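Take a look at the letters that make up each chain.
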Amino acid sequence: MHKLKLIDGKPLAKKSIKSVWLNISQIDIDLEDKGIMLPNLFKRIVGCGDKTYFWKDLWYGDIALKEVFPNLYSLETNKDCLILDKVNIDVGAVSKWTWSWSRNLHRGREANQFVNLMSMLDNFQFANGMDRWQWNGTEDKDFSVKAIRRLIEKNGDDHGFSFMRLKWIPLKINCFERRLIKDRIPTFPNMLKQGINVLSSSCPFCRIEEESIDHTFFTCVVAARLWS
């Protein structure tokens, strides 16, 4: 997903290709129609800088650096560079920034933009560990299907929100997708709510936490291995 080609911040997917990725790439458009700007609900947390594009990703502020410093970006010889390509990081502390301009910077606008850029970077704090996305849609910063569903409900009922019907996928898979979003999968807690006796509500995979849609598909150690 990280290497999915973007144009103006949106995934590039051919309309002629009916695929799961095309379906996913259009979800944010459906949400935007409901007043939910999905990209604004995620923040890039930069650790070692190995998965974040220096100029193109939203990792400092609300605008990509290529838009904030267009003159410097035009002089960059490697416009797809990662943060790791630009800086040496030692236990969260920056030792040195490196630059690859096509020529020396001129006085005036280019020099001023460079001074402002360095001032911003000097105040940036790197996190420990790998680069990752942080969900900012809730106070606890924990992403969940329930959080998305609540946002949809908050901006009006979800009768007008639907996913693309993929004809080449079996009907039962499309139905499962819809039931997953609406938390209608027969997890142990849901079965208990319906008065069905179960021996335990623990996750059948890890046997550590209570089974739920969010846990089973996202946070369970077994799911984490699958997605990685």
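Our subject is the structure listed above.
Since the model is a prediction, treat every value here as computed from it, not as a measurement.

Cut-offs applied
Counting of residues starts from 1 at the beginning of each chain's written sequence and follows it residue by residue. Thresholds applied to this predicted model are a pLDDT of at least 70 for local features of residues and 80 or more for the giving and counting of side-chain atom pairs; totals over whole chains, interfaces and linings are not thresholded and use all residues. To obtain the side-chain values, all non-hydrogen atoms of the structure were included, while hydrogens and water were left out. Each helix is a run of H or I in the DSSP string that is no shorter than four residues. Each strand is a run of E no shorter than two, and both are numbered from the N terminus. Note on classification: 1.4 Å probe, protein chains only; a residue is buried when its accessible area is under 20% of the maximum for its type, exposed when over 50%, partly exposed between these limits. It only takes one pair of heavy atoms within 4.5 Å for two residues to be counted as in contact. Points on a 1 Å grid, built from protein atoms alone, make a cavity when a 1.4 Å probe fits but cannot get out and make a pocket when they are open with protein on both sides within 12 Å along at least 5 of 7 lines; residues with an atom within 4 Å of a point are the lining residues. Grid points are joined across faces, edges and corners, and a volume is the space filled by probe spheres set on the points. When residues are grouped by polarity, Ala, Val, Leu, Ile, Met, Phe, Trp, Tyr, Cys and Pro land in nonpolar, Asp, Glu, Lys and Arg in charged, and all others, Gly among them, in polar. Grouping buried Ala, Val, Leu, Ile, Met, Phe, Trp, Tyr and Cys residues that are joined through side-chain atoms within 4.5 Å yields what is termed a nonpolar core. To estimate how far a helix should extend, the number of its residues minus one is multiplied by 1.5 Å. Of all possible arcs, the one meant is that of the directions from the helix axis to the C-beta atoms. Side-chain rings of Phe, Tyr and Trp (the six-membered ring for Trp) are treated as a pair once their centres are within 6.5 Å; stacked means planes under 30 degrees apart, edge-to-face means over 60, and tilted covers the remaining angles. Should the NZ of a Lys or the CZ of an Arg lie within 6 Å of a ring centre and within 35 degrees of the ring normal, that charge is described as sitting over the ring.

**Section: the overall build of the protein chain**
Point 1. Of the regular secondary structure elements, the protein chain holds 11 helices and six strands.
Point 2. Counting all 228 residues of the protein chain, 31% fall into the buried class.
Point 3. By sequence separation, contacts in the protein chain at least 24 residues apart represent 57% of the contacts at least 6 residues apart.

**Description of the layout of surface pockets**
Point 1. One number sums up the size of the second largest pocket: a volume of about 220 Å³.
Point 2. Lining the second largest pocket are 13 residues, and of these Lys146, Asp183, Asn190, Ser212 and Ile213 lie nearest its centre.
Point 3. Considered class by class, the residues forming the lining of the second largest pocket number three nonpolar, three polar and seven charged.

**Side note on the nonpolar core**
Point 1. Membership of the largest hydrophobic core comes to 19 residues, with the highest contact counts inside it found for Phe54, Trp55, Trp59 and Leu117.
Point 2. Mapped by element, the contributors of at least two residues to this core are helix 4 (70–75) and helix 6 (109–122).
Point 3. Counting nine residues, the second-largest nonpolar core is a separate cluster that includes Ile36, Leu38, Ile148 and Ile152.

**A look at helix 6**
Because each turn of an α-helix spans 3.6 residues, side chains separated by three or four positions end up pointing in the same direction.
Point 1. Helix length check: helix 6, at 14 residues, gives a terminal C-alpha distance of 20 Å against a target of 20 Å (1.5 Å per residue), a fit within 8%.
Point 2. For helix 6, the full list of buried residues reads Glu110, Gln113, Leu117, Met118 and Leu121. Viewed end-on, helix 6 has its buried residues packed into an arc of 135°, placing them on one side of the element. Residues Val115 and Asp122 are exposed on helix 6 and point more than 90 degrees away from its buried face.

**Looking at unusual backbone geometry**
Point 1. A positive phi angle, near 60°, is found at Arg207, a position not held by glycine.
Point 2. Among the secondary structure elements, Arg207 is positioned in the loop between helix 9 (188–193) and helix 10 (213–219).
Point 3. Judged by its relative accessible area of 57%, Arg207 is exposed.

**Focus on the packing of aromatic side chains**
Point 1. Counted under the stated rule, the structure contains 15 aromatic pairs.
Point 2. Between Phe124 and Phe126, the aromatic rings sit 4.9 Å apart at their centres with planes inclined by 85°, giving edge-to-face as the arrangement. The same class applies to Phe124 and to Phe126, which are both buried.
Point 3. Taking NZ or CZ as reference, Lys79 lies 5.3 Å from the ring centre of Tyr73, over its face.

**Quick notes on the environment of Asn116**
Point 1. Within the element layout of this structure, Asn116 appears in helix 6.
Point 2. Its relative accessible area of 43% is what places Asn116 among the partly exposed residues.
Point 3. Each C-alpha atom, one on Asn116 and one on Phe69, is 8.9 Å from the other, the two residues being 47 residues apart in sequence.

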